[in-house]
Amino acid sequence: MPPKSRMVHWRRRVRRAWSRRTEHWRSQLADVENTPGLGLLCLLGAVTGGLAGAAILVLYGLIEAIQLPLFALFGDHQDTFVESDLAFRLAVPIIGALVLGLIVEWRHKALENGIVHVIERLMYYQGLLPLRAALTDLAASAISIATGQSVGREGTAVHAGAFTGSWLARRLSLPNNSVRTLVGCGTAAGIAASFNTPLAAVIFAMEVVMMEYTIAGFAPIILAAVSGSLVTLDLPNVHPGLTGAAEHFHAAELPIMTAMGLALGVLGGGFTRLVGQTVPYFAKIRISLRMALAGLVTGVLAIVFPQIMGLGFETVNRALAGDYGATMSLGIGLAKLVATLFAVTAAIPGGVILPMFVAGAALGSAFGAAAAGLLPIPVSGPGLYALLGIGAMMAAVLQAPLSALVAVLELSGQTDMVLPGMLVIIAALVVSRRIAVSDSIFRLLMRRRGLDYRNDPVSQYLRRASVLNAMNRRFRVLDAKTTRGAVVDALDASVDWLLIRPAEGRAQLMRPDELKRMLAEDETGDPSRAIDLMDIPAHRADAYPIDVRASLQEAYDQFESTEAEALVVQRATSLTGRHPTPYGILTPAAVAATYRR
């Protein structure tokens, strides 16, 4: 054999061996409850976390690349919004929002970005996120953050991280139930790399984005959060730490803290409700004009309260240190809520979590300072109330109490915060749900777009399971025009289904009993006798196809929409020629049996 032919031969052998191995891995990932599948998913989760951490570094670099020249252009060398002059604080948010709106209006007409976009893709598109939307969100968020809009970077961090998980799963052609988990891994890694709070990031991914808790989901998502944090661990400028130290509290303060939780729950619930009411009105305004309006509101408020501009880590730290008086803290908190309200309803790219950090810390500090001045009992410093205020606002707006509590614990580093944190967070949660009548601001924004999210236990299970787990592999494929001998061979294999492929039209499914009766009536017994299976009087069902990567939720939806009697699980590849490769037969009864066990 010539050297060139030998090389081609070995390449084909290696390709076939790799194809068989990857197919074996995919079948293991279809059932992540077993140990091999879970191990593979953990490895992929760690890789996703590293990729998500790298994406956060890109976002940080973009923000710096835009912001530093912007300060230099205005002749301001302080490099912080709080210390910038009046003209800068007023002009930059307006110009930045207008430019951003014109770009979006000119190129995209609408932005698909942030956490709402990720949840939507998980719900309707099996977690497959497009590259263009991720890149656009990355660039647009860098512009909005660099120009001082009242948004955070966690929305983009979640989007970028989720995209890395989706991209990796798509490159490896993984089953869709694994795609869903890797999107959750990217979500947690993005949050962890941004805030250096890996545990809160895991809880957030499970509680807010995936909306379920499973052992098979926790393990890879934890590893993703760890690897994402490691990428940015030695870069404190990426996630500046909160430096205020929380004091020990007095038991007599617990009613005061609970009252603060109720008050912040009212503000958080009112904020969410106002967002839901104003979004439809803002949607009627041109994108450039409504974004410019949001920038104008931020700029005007920043004349008095420059602390509301940008990410706000410095503002949170000063609130935790008790540097602001009660009046100043109250003004900052309310101004931040108003600016964020306009930013969210105008669809300024970015996140809502960091703004709630700023608003919660400022309002909590104001409450603590006021309580210390008015009540005749020992009251801890405003820093403690600022920290609890962060948890209260997170719980009220995100409707994620466990994420809020863990974030408070990670930021404070004190287990003594568990008791007051639980009281404040649950008080804020209950009141806000009564006012906003919403699971979270993300669910509310989805409903305003005509979307909803099924999160009942059956849907949760079906999304986690693959069609490979429930399909029937006992089938044979026959051409419609075949011979008696081929039919006998198929029936001798003791199959449950026969997949009939006609020359034209959709494939058909038959039960073998129909053919057994036909053979019993055939007196010739000639194996070579030609038979047209489409002419036999028997019940045949259209073989609706479903991809081998699909989840059982997709199969269930297809049964509902087509009223099909059975689905053919198949994969179309360039190596199979005209017909896709069938893997098994799936029936409604088989799907139902998986969650009735």
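Quick caveat, the model's predicted, so the values are computed rather than measured.

**Q** Can you help me understand the overall build of the protein chain in this one?
**A** A tally of helices and strands in the protein chain yields 24 helices and nine strands. The burial tally for the protein chain puts 55% of its 597 residues in the buried class. The contacts of the protein chain with a sequence gap of at least 6 include a subset with a gap of at least 24, amounting to 74%. A total of about 25,400 Å² of accessible surface is found on the protein chain, and carbon and sulfur atoms cover 61% of it.

**Q** Sorry if this is basic, but what is going on with the environment of Phe204 here?
**A** You can see Phe204 is positioned in helix H8 (residues 198-209). The buried category is assigned to Phe204, whose relative accessible area is 3%. Between the C-alpha atoms of Phe204 and Ala407, which are 203 residues apart in sequence, the distance is 9.5 Å.

**Q** When you look at the packing of aromatic side chains in this model, what are you seeing that I'm missing?
**A** Geometrically, a pair of aromatic rings is defined through the distance of the ring centres and the angle of the planes. Here the structure, examined in full by the defined rule, presents three aromatic pairs. Note on Phe195 and Phe357: the rings are 5.8 Å apart at their centroids and 35° apart in plane angle, and the pair reads as tilted. Highlighted residues: Phe195 in helix H7 (residues 176-195) and Phe357 in helix H14 (residues 353-374), separated in sequence by 162 residues. Phe357 shares its class with Phe195; the two are buried.

**Q** Explain unusual backbone geometry here, please?
**A** When glycine is set aside, most residues are seen to have a negative phi, and most peptide bonds are trans. The phi torsion at Ala347 lies on the positive side, around 65°, for a residue other than glycine. In this structure, Ala347 sits in the loop between helix H13 (326-345) and H14. Positive phi outside glycine occurs at Gln399, with the angle close to 55°. On the secondary structure map, Gln399 appears in the loop between helix H15 (382-398) and helix H16 (401-412). Classification of Gln399 as buried rests on a relative accessible area of 11%.

**Q** It is not clear to me how the side chain of Glu207 should be interpreted in this structure. Could you clarify?
**A** One can find Glu207 in helix H8. Buried charged residue Glu207 carries no salt bridge. Nearest counter-charge: Arg433, at 9.2 Å. There is a polar contact of 3.3 Å between the side chain of Glu207 and the backbone nitrogen of Leu402.

**Q** Mind showing me how you'd approach the sheet that holds strand S4 (residues 508-510) here?
**A** Strands pair in a sheet through their backbones, by hydrogen bonds, and they do so in one of two ways: parallel or antiparallel. Pairing is mixed in the open sheet, where four strands are placed in the order S1-S3-S4-S6. A single partner strand is all that each edge strand has here, and the edge strands are strand S1 (475-479) and strand S6 (541-542). Here strand S3 (residues 497-501) runs beside S4; their pairing, made up of three bridges, is antiparallel. Its bridge partner being in S4, Leu498 is matched across the sheet by Met510. Sitting on the sheet, helix H21 (residues 484-492) is in contact with S1 and S3, with an inclination near 170° to S1.

**Q** Looking at this structure, I do not really get the confidence of the model for the protein chain. What am I missing?
**A** In low-pLDDT segments, the atomic positions of the prediction should not be examined closely. With 84% of its residues at a pLDDT of 70 or more, the protein chain shows a mean pLDDT of 81. Considering each helix and strand of the protein chain separately, the mean pLDDT is smallest for helix H1 (residues 3-29), with a value of 63, and largest for H13, with 93.

**Q** Honestly, the pattern of salt bridges in this entry has me stumped. Any pointers?
**A** Pairs can form between side chains of opposite charge whenever their charged atoms are close. Scanning the entire structure with this criterion turns up two salt bridges. The shortest N-O distance in the salt bridge between Asp323 and Arg318 comes to 3.5 Å. Arg474 is paired through a salt bridge with Asp496; the nearest N and O atoms lie 3.1 Å apart. Remark: Asp496 occurs in the loop between H21 and S3 and Arg474 occurs in the loop between helix H20 (467-470) and S1; sequence separation between them is 22 residues. The class of Asp496 is partly exposed, set by a relative accessible area of 26%.

**Q** How should the sheet that holds strand S9 (residues 581-586) be read in this particular structure?
**A** Pairing is mixed in the open sheet, where three strands are placed in the order S7-S8-S9. Each edge of the open sheet carries a strand with a single partner, namely strand S7 (544-547) and S9. The sheet shows a mean angle of 35° between the axes of neighbouring strands, taken without regard to direction. Where S7 meets strand S8 (residues 567-571), four bridges bridge the pair, whose relative direction is parallel. Directly across from Asp547, in S8, lies its bridge partner Gln570. Along the sheet face, helix H23 (residues 552-562) touches S7, S8 and S9 and points at about 160° away from the line of S7.

**Q** Would you explain the packing of helix H10 (residues 254-282) against helix H18 (residues 441-448) in this entry?
**A** Axis separation between H10 and H18 bottoms out at 10 Å; the angle between their running directions is 20°. The orientation of H10 relative to H18 falls into the category roughly parallel. When you trace H10 past H18, the crossing you get is right-handed. Contact with H10, carried on its side by Phe271, Thr272, Val275, Gly276, Val279 and Pro280, involves Ile441, Leu444, Leu445 and Arg448 of H18 and no other residues of that element. For the contact of H10 with H18, the residue count by class is seven nonpolar, two polar and one charged.

**Q** Teacher, can you tell me more about the side chain of His117 here?
**A** By the element assignment, His117 lies in helix H4 (residues 114-124). In this structure, His117 is in contact with Glu112, Leu129, Pro130, Ala133 and His159, ignoring residues within four places of it in sequence.

**Q** For this particular structure, what's the right way to read the nonpolar core?
**A** Side chains of a nonpolar character, in soluble globular proteins, are inclined to be buried together. Counting 128 residues, the largest nonpolar core has Phe204, Phe271, Leu398, Ile441 and Phe442 as the members making the most contacts within it. Those residues within four positions of Phe204 in sequence are excluded, and the remaining contacts are Ile115, Val158, Thr187, Ile191, Val209, Ile353, Leu398, Ser403 and Phe442. In this structure, Ala470, Leu552, Leu567 and Tyr583 belong to the second largest nonpolar core, which totals 18 residues.

Rules used in this analysis
Residues numbered from 1 in each chain as written. Predicted model: local features only at pLDDT ≥ 70, side-chain atom pairs only at ≥ 80, totals over all residues. Heavy atoms only, no water. Helix = DSSP H or I, 4+ residues; strand = E, 2+ residues; numbered from the N terminus. Buried < 20%, exposed > 50% of the residue type's maximum accessible area, 1.4 Å probe, protein only. Contact = heavy atoms within 4.5 Å. Areas by Shrake-Rupley, 256 points an atom, 1.4 Å probe, with all protein chains shown as cover. Phe/Tyr/Trp six-rings, centres within 6.5 Å; stacked < 30°, edge-to-face > 60°. Lys, Arg positive; Asp, Glu negative; His and termini not counted. Salt bridge = Lys/Arg side-chain N within 4 Å of Asp/Glu carboxyl O. Polar contact = N/O pair within 3.5 Å; in protein donor to acceptor, adjacent residues only side chain to side chain. Pairing = 2+ DSSP bridges. Axes fitted to C-alpha atoms, helices over the stretch in contact; angles between N-to-C directions. pLDDT = per-residue confidence, 0-100. Parallel < 35°, antiparallel > 145°, perpendicular 65-115°, else oblique. Left-handed = near helix turned anticlockwise from the far one by under 90°. Nonpolar A, V, L, I, M, F, W, Y, C, P; charged D, E, K, R; others polar. Core = buried A, V, L, I, M, F, W, Y, C linked by side-chain atoms within 4.5 Å.

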